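Observations on the model geometry
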Amino acid sequence: MRKRKQHLEAGERQRMLMCDALAEAEKGKGKTFPNPAVGAVVARGERIVGRGFHSRWGKPHAEVEALADAGKQSRGADLYVTLEPCSHWGRTPPCTEAIIRSGIKRVFIPCIDPNRLVRGRGIRALRRAGIEVVVGLEKREAAKLNEAYFKFMKTGKPFVTLKVAQTLDGKIATRKGDARWVTGTRSRSLAKRMRGEAQAIMVGVNTVIKDDPGLLPIPRRKAYYRCVLDTNLSTPLKRRVVETAERHATIIYCAKPQGKKAARLEAKGVRVRSVAEAKEGLWPS
């Protein structure tokens, strides 16, 4: 009975440490595209001696940051990381090599990375080096954290979030077309956070005409697209998405991306593309 109690207590401690790693990963959410958001902690028993998260694509991964933070205390310690460590070269070296060099004795991960370049290879590399790897801790929470990344890696399709503001009787505006504001402050804050975690936002041309939104994420960043569905190219030139297109990527999808209006929009920095391109999943460079 005493052994079982100790086992349960140990399992609870491990779960809490993985939750700490998940909290680290949240710090990079929405900033790491096309990479997933990943967090890591290095622990000696119950004590965390190193923390890290992936802050941006091209920057060191969470494991490397946590190991650097722990320094020599990594040797003989446990590493909790929210996704399987990579074992291939990309913009950064393989994380498995850094883990092996650090002297970590045991690695906890929630789930296997569905990326075909990883997909179990990181686990095998660590085990071949004699490091114990425990898989499955807080799996559901870790998958939820990167659900957009998981869907794309498994299906090749984007993760789409639909945001609709409506009244209790199903209306999205008043009789006169006024739609500011249907929602409250908390709802708008949530929408801004969701936009900050996305790589693109898409609206219909009527939203652009009537509301003249900026459609920018908070905080602002370069890797972000503003997309407008406009069959007949009726987007006015005097709209914020057009006037700021030189600084912020803007794409208008229409039926026929030719003619004078298309040329005027292109001159403003807007990328005018056919709806067929959107259906085929072609992303302009």
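A brief look at the structure comes next. All values derive from a computational prediction rather than experimental measurement.

Conventions used here
Residues numbered from 1 in each chain as written. Predicted model: local features only at pLDDT ≥ 70, side-chain atom pairs only at ≥ 80, totals over all residues. Heavy atoms only, no water. Pairing = 2+ DSSP bridges. Helix = DSSP H or I, 4+ residues; strand = E, 2+ residues; numbered from the N terminus. Axes fitted to C-alpha atoms, helices over the stretch in contact; angles between N-to-C directions. Contact = heavy atoms within 4.5 Å. Phe/Tyr/Trp six-rings, centres within 6.5 Å; stacked < 30°, edge-to-face > 60°. Buried < 20%, exposed > 50% of the residue type's maximum accessible area, 1.4 Å probe, protein only.

Spatially, four strands are ordered 6-7-8-9 in an open sheet, and the strand pairing comes out parallel. Unpaired on one side and paired on the other, strand 6 (200–204) and strand 9 (271–274) mark the two borders of the sheet. Each strand axis lies, on average, 25° off the axis of its neighbour in the sheet, ignoring direction. Relative to strand 9, strand 8 (residues 250–254) is paired through four bridges, and the arrangement is parallel. Within the sheet, the bridge partner assigned to isoleucine 251 lies in strand 9 and is arginine 271. Helix-sheet contacts for helix 10 (residues 260–267) involve strand 8 and strand 9, and the interaxial angle to strand 9 is about 135°.

Ordered by their spatial adjacency, five strands build an open sheet running 2-1-3-4-5, and the pairing between neighbours is mixed. The two strands at the open ends of the sheet, each matched to only one other strand, are strand 2 (47–53) and strand 5 (132–135). Ignoring strand direction, the axes of neighbouring strands in this sheet form an average angle of 20°. The strands touched by helix 2 (residues 62–70) are strand 1 (39–44), strand 2 and strand 3 (78–81); relative to strand 2, the strand with the most contacts, the crossing angle is about 140°.

This brings us to the packing of aromatic side chains. Inspection of every chain in the model, using the stated rule, returns two aromatic pairs. Ring geometry for tyrosine 80 versus phenylalanine 108: centroids 4.5 Å apart, planes at 5°, classification stacked. Taken together, the residues tyrosine 80 in strand 3 and phenylalanine 108 in strand 4 (residues 106–109) connect sequence positions 28 residues apart. Here tyrosine 80 matches phenylalanine 108 in class, with each residue buried. Plain terms: the ring middles of tyrosine 149 and phenylalanine 150 are 6.1 Å apart, the flat faces sit at 70° to each other, and that makes the pair edge-to-face. On the accessibility criterion, tyrosine 149 (10% relative accessible area) is buried. Given a relative accessible area of 10%, phenylalanine 150 falls into the buried group.

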